[in-house]
Amino acid sequence: MKKNVVNRKQRITIPSLLMMMLAFSSCGEDKQNLPDRPELFEEKIVIANRNSGSLSFIDAIDNSVTKTLKLPDSEPMYVVYVPKTDRLYVGDRATKKIHVINPANQEIETSINVGAGIFHMWADGQGKELWVVNDMDNSISVINLLTNAVTTTIAIDGKPHDIFITKDGSTAYVSIFTTDRDMDKVYKYATSSYSKTAEINVGKEPHLYAFGEDRLHVPCQSGQLYTLDATSLEIISQKQYEGAHGITGSARKNALFVSNITGGQLYSIDPVTTDPFHEPVTTDNTPHNMVLNDEGNKMFVTHSGASANLVSIYSINAAQAISYSTSVTVENNPFGLTYYKRNINK
């Protein structure tokens, strides 16, 4: 009787074990083959309202203002989004601080002390460093984005204004205001040593933008758009564009957009020839800074001024033609702005 029980147990146990193993294997395959959860993204435009001490968050899809974040006793100038850290960085001229904001809750996490006269700033494409212009101290504060600490301060023998860092983080360009009535300068820096490696004279009030590693575009408010060799800073071309000021480019690198801050226009420009694609578009208010969405079919433009409170939105078609869509009311003196598209399903 005992033997029969053992045999019966063996007959039950062995097939059951095999079935369990097959079931486990099948479940593992099913789990591996399960489709990933669909990625969910949010797209926002963040506006620094310089005279109101606030940030406006605009939904980049439906153009609605979703939040206004007050920054007490502040003068926010420019704002940068860094995908690597998934953080926003706001330059506050009044408090001499860079505020670090978590876009998940749109609140300040910490603040970093820098120099006096915060103006333009830029982060490298690797998310390692943020360079901040201090135009009252005539210096650049370099922030390590992993530690949120200033690692070095670069003294400038002039008044720094705009800044641009290459995607690989190897090179920084800084525009310098001089006392010369006819020309300002662009300096080139090696980020490995923080040393200046080249410089060039350009027009007055220059700003900076580069798509890749070979060319640097420099709109000057005195009425020129320079294209420089990114290595030597030698002039490749110089075209006339009245009041050339703010500049941005499409993610596909097939178009430049420049604001005519003195003449109230927007230019759409071929980045290779630097000739206009179309006639400039006239705006009702002073156009200052601009940014494009990832698809390059929508552009957001701040209209700056002490009592100004509008951000205009334009459509960009396949031929890079600009057409007005709508305007959004924010707070006073919308100045710098940034666009971000972030995965909210992590």
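Draft legend 1. Broad picture of the side chain of S139. Position of S139 relative to the elements: it lies in strand β10 (residues 139-144). On the accessibility criterion, S139 (7% relative accessible area) is buried. In contact with S139, not counting residues within four places along its chain, are V132, V133, N134, T153, I154, I156 and P160.

Draft legend 2. Examining the environment of K185 more closely. On the secondary structure map, K185 appears in strand β14 (residues 184-190). Excluding residues that lie within four positions of it along the chain, K185 makes contacts with V174, S175, I176, T178, E199, I200, N201, V202 and P206.

Draft legend 3. Here's a closer look at the sheet that holds β14. On the basis of which strands lie adjacent, the open sheet formed by four strands has the order β12-β13-β14-β15 and antiparallel pairing. Every interior strand has two partners, whereas the edge strands, β12 (159-165) and β15 (195-202), have only one. Looking at each pair of strands side by side, their axes are set apart by 25° on average, direction ignored. As paired strands, β12 and strand β13 (residues 171-177) are joined by five bridges and run antiparallel to one another. Bridging from a neighbouring strand, F164 pairs with Y173 of β13.

Draft legend 4. Quick peek at the sheet that holds strand β22 (residues 281-282). Taken together, the four strands give an open sheet; going across it, the order is β19-β20-β21-β22, and neighbouring strands pair in antiparallel fashion. Looking at strand neighbours, the two that pair on one side only are β19 (244-249) and β22, the edges of this open sheet. Direction of pairing for β19 relative to strand β20 (residues 256-260): antiparallel, over a ladder of four bridges. Each residue of the ladder has a partner; that of T248, found in β20, is F257.

Draft legend 5. View of unusual backbone geometry. For D86, which is not glycine, the phi dihedral falls at a positive 50°. Note that D86 resides in the loop between β4 (76-82) and β5 (87-92). Assessed through its relative accessible area of 15%, D86 is described here as buried.

Draft legend 6. Quick look at the packing of aromatic side chains. Counting across every chain of the model gives 12 aromatic pairs. Considering the side-chain rings of F119 and F335, the 6.1 Å spacing of their centres and the 75° angle between planes classify their relative orientation as edge-to-face. One end of the pair, F119, is in strand β8 (residues 118-123); the other, F335, is in strand β27 (residues 334-343), and 216 residues separate them in sequence. Of the two residues, F119 and F335, both sit in the buried class.

Thresholds applied
Residues numbered from 1 in each chain as written. Predicted model: local features only at pLDDT ≥ 70, side-chain atom pairs only at ≥ 80, totals over all residues. Heavy atoms only, no water. Helix = DSSP H or I, 4+ residues; strand = E, 2+ residues; numbered from the N terminus. Buried < 20%, exposed > 50% of the residue type's maximum accessible area, 1.4 Å probe, protein only. Contact = heavy atoms within 4.5 Å. Pairing = 2+ DSSP bridges. Axes fitted to C-alpha atoms, helices over the stretch in contact; angles between N-to-C directions. Phe/Tyr/Trp six-rings, centres within 6.5 Å; stacked < 30°, edge-to-face > 60°.

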